[in-house]
Amino acid sequence: MERLVRECFRSEGYVFARKAEEIAKERGLSRIARLASNENPRPPSPLAVELGCQALQRVNRYPDEKVRSLLDTLERHYGDYHFVTGVGMDGVIETVIRTLVDPGDRVAISVPTFSFYRLAAVAQGARVEEVRRNADFSVNAETFVRACRGAKLSFLCTPNNPTGTMTPPGELETILEGIDGVLFLDNAYVEFSGVDYLPLLEKYENLIIGRTMSKVYSLAGLRIGYAFVPGWLAPFYTRAATPFTLNTVSSETARGALLDRTHVEETVARVAVWRERFVRECPLPVTSSGANFVMVDVAPHTGDQAVELLAEQGVIVRSCRSFRGLPDHYVRVSIGEDWENELFLSAVRNL
Ligand SMILES: *Cc1c(COP(=O)(O)O)cnc(C)c1O
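Bringing the site of the ligand into the picture now. Near the ligand you find 13 residues, and of these Met-89, Asp-186, Tyr-189, Thr-212 and Lys-215 are the closest. Met-89 places a main-chain nitrogen or oxygen 2.6 Å from an oxygen atom of the ligand. The separation between an oxygen atom of the ligand and a polar side-chain atom of Tyr-189 is 2.6 Å. Contact with the protein chains hides 94% of the accessible area of the ligand, taken as 390 Å² for the molecule alone. The dominant element in the shell around the ligand, judged by the number of residues it contributes, is helix α4 (residues 88-100), at three residues. In terms of residue class, the shell around the ligand is made up of five nonpolar, four polar and four charged.

Here's what the structure looks like:
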């Protein structure tokens, strides 16, 4: 019966971080530093948990299909923008593609980057064009614009996963003025960067800015994403989406998380301190990052070899082998709890 499965789902699919428990068991280690998934190691805000628990008592009813109370909270938090929501930013990405892309349409992606854009576009039948970044992982706006010619949709991630590289708003203006389709700007890590891309929304109606509650907001397990979209797109997105994007618990928890600014501010401050230390104390080259992770050049080891060697010392990091368009000698290391970061810094010295 497998012959019935579509061709695009027969290759590998999304690569998950190796399960820390699995490696701990293998090595007989009791304490494992989980630095592979860019999560926030802190538990979610108490206010988020409180609103989520209250919402759990009402789940006999279907959720509000318009997610009105979350949209109100987003507007109060950010200002008068158009928002859409999804099951994680991954869900938003998939729905945006469903809204805009027909089989055979072109989609351009700035690489190396997050793999899901490509997987989701291919599943929709798109022809994907990957556009290489410069050797220092910055984006060449002219090259990107040229590759976007005739593409309905393009993807650019800033700060970029896995390199951490930030693209300045000025470069994005060049891109937004040069392309004839829509740019999806992935801002999953923007809270850690200190860069504000929202002013671009006032000027360009071909810009979507994707956001997630999985990283700085400590809600990865709940799958909550949203995006700032141009006004013309919102009603069509709603038609393309599944009838209920978010559930009652996730949307209420998200509201609580947005209302608690202290949780975010403390996390961002901690990350900034550790990012500095990683750059200064790691004996291997570290790419400059605006996110809650850094990319480390582990040559002459391969990424996979370095992952194994660090795992033997109880530290789980992410090999960058599966990132297309990246040479095979990098690992990505999330900033975790203090003891986890210390353990990484001492383990990496033994490489
Ligand atoms: C984590 C991540 C996302 C997806 O986040 P969700 O958990 O689906 O909200 C999107 N883009 C990038 C670059 C990410 O690293």
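Turning to the packing of aromatic side chains, a few remarks are in order. As enumerated under the stated definition, the model contains 16 aromatic pairs in all. Of the aromatic side chains, those joined through ring pairs into one cluster are Tyr-78, Tyr-81, Phe-83, Tyr-226 and Phe-228. One cation-aromatic arrangement involves Arg-332 over Phe-293; the distance from NZ or CZ to the ring centre is 5.8 Å.

The next subject is the nonpolar core. Counting residues in hydrophobic clusters, the biggest one holds 100 residues, and the most contacted among them are Leu-153, Ile-175, Leu-183 and Phe-344. Counting residues per element, this core draws most heavily on α4, at six residues. Each of two domains, domain 1 (2-43 + 262-348) and domain 2 (46-260), supplies a minimum of three residues to this core. Ignoring sequence-local partners within four residues, the contact set of Phe-344 consists of Leu-35, Phe-278, Val-296, Leu-310, Val-315, Val-317 and Val-333. Judged by nonpolar contacts, the second largest core, of six residues, contains Met-295, Cys-320, Leu-326 and Tyr-330.

Inspection of the secondary structure assignment puts Thr-73 in helix α3 (residues 68-78). Residue classification places Thr-73 among the buried residues on the basis of a relative accessible area of 2%.

What follows deals with the pairing of strand β4 (residues 127-132). As defined by bridge partners, strand β3 (residues 106-111) adjoins β4 across six bridges and the pair is classed as parallel. By the bridge assignment for β4, Ala-108 is matched with Glu-129. Crossover β3 to β4 through helix α5 (residues 116-123) is right-handed.

Turning our eyes to something else, we now look at the environment of Val-84. On the secondary structure map, Val-84 appears in strand β2 (residues 82-87). Accessibility expressed as a relative area gives 5% for Val-84, which makes it buried. Between the C-alpha atoms of Val-84 and Thr-95, which are 11 residues apart in sequence, the distance is 10.0 Å. Other than its neighbours up to four places away in sequence, Val-84 contacts Val-92, Gly-225, Tyr-226, Ala-227, Val-229, Ala-234 and Tyr-237.

Quick look at the packing of helix α6 (residues 141-148) against helix α7 (residues 169-178) now. Put simply, α6 and α7 touch, their axes get as near as 9 Å, and they point 25 degrees apart. One way to sum up the angle between α6 and α7 is to call them roughly parallel. Our pair here, α6 against α7, has a crossing hand that is right-handed. Residue-level inspection shows Ala-141, Glu-142, Phe-144 and Val-145 of α6 in contact with α7, the latter providing Glu-171, Thr-174, Ile-175 and Gly-178.

Cut-offs and rules
- Residues numbered from 1 in each chain as written.
- Predicted model: local features only at pLDDT ≥ 70, side-chain atom pairs only at ≥ 80, totals over all residues.
- Heavy atoms only, no water.
- Near = heavy atom within 4 Å.
- Polar contact = N/O pair within 3.5 Å; in protein donor to acceptor, adjacent residues only side chain to side chain.
- Areas by Shrake-Rupley, 256 points an atom, 1.4 Å probe, with all protein chains shown as cover.
- Helix = DSSP H or I, 4+ residues; strand = E, 2+ residues; numbered from the N terminus.
- Nonpolar A, V, L, I, M, F, W, Y, C, P; charged D, E, K, R; others polar.
- Phe/Tyr/Trp six-rings, centres within 6.5 Å; stacked < 30°, edge-to-face > 60°.
- Lys NZ or Arg CZ within 6 Å of the ring centre and 35° of its normal.
- Core = buried A, V, L, I, M, F, W, Y, C linked by side-chain atoms within 4.5 Å.
- Buried < 20%, exposed > 50% of the residue type's maximum accessible area, 1.4 Å probe, protein only.
- Domains from an automatic or database assignment.
- Contact = heavy atoms within 4.5 Å.
- Pairing = 2+ DSSP bridges.
- Right-handed = clockwise from strand over helix to strand, strands pointing away.
- Axes fitted to C-alpha atoms, helices over the stretch in contact; angles between N-to-C directions.
- Parallel < 35°, antiparallel > 145°, perpendicular 65-115°, else oblique.
- Left-handed = near helix turned anticlockwise from the far one by under 90°.

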